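Each chain is listed here by its residues.
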Amino acid sequence: MAKDVFHQQVKNALIKDGWTITHDPLTIRISEAVKLQIDLAAESAIAAERDSEKIAVEIKSFVGDSDISAFHTALGQYLNYCQALEEQEPDRIVYLAIPWETYEDFFQLSFIQRTLRRYQVKLMIYDPKLEEIKQWIK
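Thresholds, definitions, all that
- The residue numbers shown here count from 1 along each chain, following its written sequence.
- It should be noted that, the model being predicted, local features are given only for residues of pLDDT at least 70 and side-chain atom pairs only at 80 or more, the latter also being counted only at that level, while totals for whole chains, interfaces and linings use all residues.
- For side-chain calculations, the full set of non-hydrogen atoms in the structure is used, while hydrogens and water are omitted.
- Put simply, DSSP marks the helices as runs of H or I at least four residues long and the strands as runs of E at least two long, and each gets a number from the N terminus on.
- Radius of gyration here uses only the C-alpha atoms, and the compact-globule reference equals 2.2 Å multiplied by the residue count raised to the power 0.38.
- Accessibility here uses a 1.4 Å probe with only protein chains present; expressed as a share of the type maximum, an area under 20% marks a residue as buried, one over 50% as exposed, and anything in between as partly exposed.
- Two residues qualify as a contact provided that any one of their heavy atoms is within 4.5 Å of a heavy atom in the partner residue.
- The arc under discussion is defined with respect to the helix axis, by the directions toward the C-beta atoms.
- Pairing of aromatic side chains requires ring centres within 6.5 Å, counting the rings of Phe and Tyr and the six-membered ring of Trp. Pairs whose planes differ by under 30 degrees are stacked, by over 60 edge-to-face, and all others tilted.
- Side-chain atoms alone can form a polar contact between residues adjacent in sequence; in general such a contact is a pair of N or O atoms within 3.5 Å, and within protein one must be able to donate a hydrogen while the other accepts it.
- Strands qualify as paired when DSSP identifies two bridges or more between them.
- Look down the strands so they point away from you; if going from the first strand over the helix to the second traces a clockwise path, that crossover is right-handed.

(A) Representation of the overall build of the chain within the structure. Counting secondary structure elements, the chain contains 4 helices and 8 strands. Listing every helix and strand of the chain by position from the N terminus yields α-β-β-β-β-β-α-β-α-α-β-β. By the compact-globule yardstick of 14 Å for 138 residues, the chain fits well, its C-alpha radius of gyration being 15 Å. Along the first, second and third principal axes, the C-alpha set of the chain runs to 40 × 35 × 30 Å. Here the chain holds 138 residues, and the buried ones make up 41% of them. Once local pairs closer than 6 in sequence are excluded, the contacts in the chain between residues at least 24 apart make up 59%.

Below is the structure:
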């Protein structure tokens, strides 16, 4: 599986934000013949006496010709990953990582906003140039 254009930038942003990368990629086997690969998995210690927070991050760059086509692919992957992790690692939260510029324009369309709400998509907005996380949307 090819890594996303901004894979390393998102990985660096997570590390800068205090996350420990635990898998690159995170492989989830859904049958003998079929496995899913989520771009990154990370953990962050919340407090010494509590468990760590675990996330899985699917990275998207939206640099192709069609943002709506990229969105269709990203949403399908996100939903599949949520279901697979719900069954195998229910304490891990899935995030869709998208570039800041894409969030500021394409993701503000009312159709996209309604879709995100309907499917309760969690977003991690990143700046690929600065290699930093701009916003978490739960």
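(B) Local environment of helix 1 (residues 7-16). Those residues of helix 1 not exposed but buried are His 7, Val 10, Lys 11, Ala 13 and Leu 14. Mapping the buried residues of helix 1 onto a view down its axis gives an arc of 160°, with all of them on the same face. Where helix 1 ends, the next residue or the one after it, Gly 18, has phi of about 95°, a positive value.

(C) Highlighting the side chain of His 7. Structurally, the position occupied by His 7 is in helix 1. The contact partners of His 7, leaving out residues within four places of it in the chain, are Asp 24, Asp 39, Leu 40 and Ile 59.

(D) Quick look at the packing of aromatic side chains. By the definition in use, this model includes 9 aromatic pairs. Ring geometry for Phe 62 versus Phe 106: centroids 6.3 Å apart, planes at 40°, classification tilted. Taken together, the positions of Phe 62 in the loop between strand 5 (52-59) and helix 2 (67-88) and Phe 106 in the loop between helix 3 (100-104) and helix 4 (110-118) put the pair 44 residues apart, joining distant regions of the chain. Ring centres of Phe 106 and Phe 107 lie 5.8 Å apart, and the angle between their planes is 75°; this geometry places the pair in the edge-to-face category. Each member of the pair, Phe 106 together with Phe 107, is buried. Among the aromatic residues, those joined into a ring-pair cluster are Phe 62, Phe 71, Phe 106 and Phe 107.

(E) Layout of the environment of Thr 22. Its place among the elements puts Thr 22 in strand 1 (residues 20-23). Overall, the relative accessible area of 32% leaves Thr 22 in the partly exposed class. Distance from Thr 22 to Ala 42, taken between C-alpha atoms, is 5.1 Å for residues 20 residues apart in sequence. Excluding anything up to four places from it in sequence, Thr 22 contacts Ala 41, Ala 42, Glu 43 and Arg 92. At a separation of 3.0 Å, a polar atom in the side chain of Thr 22 contacts the side chain of His 23.

(F) Examining the side chain of Thr 102 more closely. Looking at the element boundaries, Thr 102 is found in helix 3. Classification of Thr 102 as buried rests on a relative accessible area of 7%. With sequence-adjacent residues up to four places away left out, Thr 102 is seen in contact with Ser 61, Phe 62 and Phe 107.

(G) Structural view of the pairing of strand 5. Where strand 5 lies against strand 6 (residues 92-99), 6 bridges are found, and the strand directions are parallel. By the bridge assignment for strand 6, Ala 56 is matched with Val 94. With respect to chirality, the unit in which strand 5 leads through helix 2 into the neighbouring parallel strand 6 is right-handed.

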